[in-house]
Amino acid sequence: MRLTALIDKAATYGDSTLTVRSALAAQPVLKSFPELCNDVRNLAASLADLGVLPGHIVGIQAANTYEFVVWDLALIELGAIPHVFPEDWPISQVKQTATSHALAFTVSEQSGDLVLPNSARLSDYIRFAVRPTRMEERDVLTRVYSSGTTGKLKGLVICRHGVEHVASQFIDDFSLSDRDRYLFFLPTSHFQQRLSLYTCLFAGVSVMLTPYTHVFHDIAHFKPTFLIAPPAFYDVALAAIIPQGSERTGAERLQAALGGKLRFMITGMAPIRRGVLEAYQRYGLPLLEAYGMTEVGLIAWNAPGDNRLGTVGRPLKHHRLFFAEDSEILVETQHSLASGYFDVDPEEAGRTFLPNGCIATGDIGELDGTHLVLRGRKKDIIITNEGIKIHPSALEERVLTCELIRQAAVITDIYRDDLVLVLSVDDPHDETTISKANSLVEVINGSGSLRIARTVITRTRFAVENGMLTRNMKLNRGAIAREFSIP
Amino acid sequence: MDAPDVDLRVMEKLVTQIRQNPAAQTKPVTPQTRFVADLGLRSLELIGLVFICEQTFNVQLTAHPGLIGKLHTVGQALDVIHLLQQGGVPEHYSPLQEADAL
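Keep in mind that this is a model prediction, so the values were computed, not measured.

J.: What am I meant to see in the overall build of chain A here?
T.: Within chain A one finds 14 helices and 24 strands. Taken against the 2.2 N^0.38 rule, which gives 23 Å for 487 residues, the C-alpha radius of gyration of chain A at 24 Å falls within 12% of a compact globule. The principal-axis extent of the C-alpha atoms belonging to chain A is close to 75 × 60 × 45 Å. Put simply, chain A has 487 residues, and 43% of those count as buried. Restricting the contact set of chain A to residue pairs at least 6 apart, pairs at least 24 apart contribute 65%.

Quick look at the structure:
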């Protein structure tokens, strides 16, 4: 299985389709794989005429659109390297990065230049850099951004052989074929989504991309045979589809609402409640936990017929797992998805891509016989079950600007559903203190995507003696959560 | 209780159904209640709420591109639902004080 043959292979699946619904269009675009491949080849030919060569790096910024898929595949077909920008970056930041990396050119949906050659002349839109970078390394597939354990965006260089390895194993372990159908709704600027798309093209799996606003509607109509989604999706689906009191008909309701053809569903990216996994199992729909990071790719997965609840599954073939003294999971592999970072301080990069060749995951875990069990994050970063990363120290610093608050800790509740703010004050019943604390929480909740769901105001001080501070006087969030996370 | 009040109570029930953490703070639902800022619904919970609203009120909110992103309060959602139930065209729906709603 080689990415150089991806388009030729996909074109052989005459009955397979790609459907893309854009957020603002009433009707989705529907193309057969041969039609898609034709569009890809046409664009690749036009780009070659413009002077795009293997190794040229081309910037792309777009939402989940058909045009993005065609551009991405056309560049890969040419051996050029798509440098995919996050869709929420302002165009000025995109242009600045494009200049500093000497990208050949950049196309962005924001600028309206993500066009296909049948609708416009590319030369009207594209201006080549004077001396564009041309990468010699033939194994580089694409450059992407991922928020690592620090939450700061890191540039990652993705390898062709890493993608081929994961795609090949996924097709084997999950028995994918051209009878399968797959729907996804997360942004294609997250590389995992593109990885799943390439896998489907290899195997002839029909695919639908839809905005998250349409996910329930489109699942019912598209009738996927498998899904990959964050834990929050499965949690919400249970609540939406099976109201309390209707559990007896839960299996039928789930089948009807989710299209009735599902063979399996996969989740990862954040912890999932055990009760959710058990509920899907009870209703006869296997929900399989998987584990990975963009640097390595997939590290372990549960598969149909090999699913152990409470684990993230069996490590992939050719990955060797080691555990550091603090139980951090280290992966040794010849088939990592990424060969390294770009725009990352070498010292910081060296904390993940270790000198001994292993990749440090930042996760704590252990092997339970053949299957991997995760025990938590090495660092303090909080990941909600929607996969949103929260940096507690920045929030705490903000809260501590109020002089009545002596100490503050942001933790999650026991299911990692919601953020809990624990405030240590002199008098937890003082009205001024309560009012100031509430005002601060309102300001925080109104200023962004995160939300403090519950505030605990306590007289208890975080101290070394009660275990809520570490010996070097840092917050021990685990201990604080044990005390305060249960309402 | 008149029809809008009934729908408000139905909406309250649906919000309760979709919330993932029943232990989280809850506030009484009024037409002015904001889905994100007051009820703390997250993006996927909002989408789940849209799904069960469509089933409960027999309307298709998702058939109108861009509409869902404009609905920030319970009152705005119920206005659109009533408009759709009467065969209205939501593209022309332009909630007042939209910017304030967030």
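That shown, we press on.
J.: Just checking my understanding: could you explain helix α2 (residues 33-50) of chain A for this structure?
T.: Residues and elements named next belong to chain A. Spanning 18 residues, α2 covers 26 Å between terminal C-alpha atoms, matching the ideal 26 Å at 1.5 Å per step. Buried within α2 we find Phe33, Leu36, Cys37, Asp39, Val40, Leu43, Ala44 and Leu47. One side of α2 carries all its buried residues, which in axial view fall inside an arc of 155 degrees. Its buried side turned inward, α2 meets α1 (6-10), β1 (17-20), β2 (29-32) and α3 (66-78). A positive backbone phi angle near 110 degrees is found at glycine 51, which sits one or two residues after α2.

J.: What is the right way to look at the sheet that holds strand β23 (residues 419-425) of chain A in this model?
T.: Strand pairing in a sheet relies on backbone hydrogen bonds. The paired strands run either parallel or antiparallel. Residue and element names in this part refer to chain A. The strand order across the open sheet built from 3 strands is β22-β23-β24, with neighbouring strands paired in mixed fashion. At either margin of the open sheet sits one strand with a lone partner, and together these are β22 (405-412) and β24 (452-458). On average, each strand axis in the sheet is tilted by 20 degrees relative to the strand beside it, whichever way the strands run. Where β22 meets β23, 7 bridges bridge the pair, whose relative direction is antiparallel. Opposite alanine 409, over in β23, you have valine 422 as the bridge partner. Contacts from helix α13 (residues 431-446) reach β22, β23 and β24 within the one sheet, and its direction differs from that of β24 by about 155 degrees. Set on the sheet, helix α14 (residues 477-484) makes contact with β22, β23 and β24; between it and β22 the angle comes to about 85 degrees.

J.: What am I meant to see in unusual backbone geometry here?
T.: Negative phi is the rule for most residues except glycine; trans is the rule for most peptide bonds. In the Ramachandran plot, Lys223(A) falls in the positive-phi region, its phi being about 55 degrees despite a non-glycine side chain. Following the sequence through the fold, Lys223(A) ends up in the loop between α7 (215-222) and β10 (226-229).

J.: How should I be thinking about the environment of Leu367(A) in this particular structure?
T.: With respect to the helices and strands, Leu367(A) occurs in strand β18 (residues 359-368). In contact with Leu367(A), other than residues within four places in its own chain, are Leu321(A) and Leu372(A).

J.: Got a minute to help me understand the packing of helix α5 (residues 160-173) of chain A against helix α6 (residues 191-203) of chain A in this structure?
T.: When two helices pack together, their arrangement is given by the angle between the helix axes and the distance between those axes. Residues and elements named next belong to chain A. Where α5 meets α6, the axes come as close as 9 Å, and the angle between the chain directions of the two elements is 60 degrees. Here α5 lies oblique to α6, going by the angle between them. As α5 packs across α6, the resulting crossing turns out to be right-handed. In this structure, α5 uses Val163, Val166, Ala167, Phe170 and Ile171 to contact α6, whose residues at the interface are Leu195, Tyr198, Thr199, Phe202 and Ala203. Residues that form the contact of α5 with α6 fall into these classes: 9 nonpolar, 1 polar and no charged.

What counts and how
Residues numbered from 1 in each chain as written. Chains lettered and ligands numbered in written order. Predicted model: local features only at pLDDT ≥ 70, side-chain atom pairs only at ≥ 80, totals over all residues. Helix = DSSP H or I, 4+ residues; strand = E, 2+ residues; numbered from the N terminus. Rg over C-alpha atoms; globule rule 2.2 N^0.38 Å. Buried ≥ 20, exposed ≤ 12 C-beta atoms within 10 Å, placed from the backbone. Contact = placed C-beta atoms within 7 Å. Expected span 1.5 Å × (residues − 1). Arc of directions from axis to C-beta. Pairing = 2+ DSSP bridges. Axes fitted to C-alpha atoms, helices over the stretch in contact; angles between N-to-C directions. Parallel < 35°, antiparallel > 145°, perpendicular 65-115°, else oblique. Left-handed = near helix turned anticlockwise from the far one by under 90°. Nonpolar A, V, L, I, M, F, W, Y, C, P; charged D, E, K, R; others polar.

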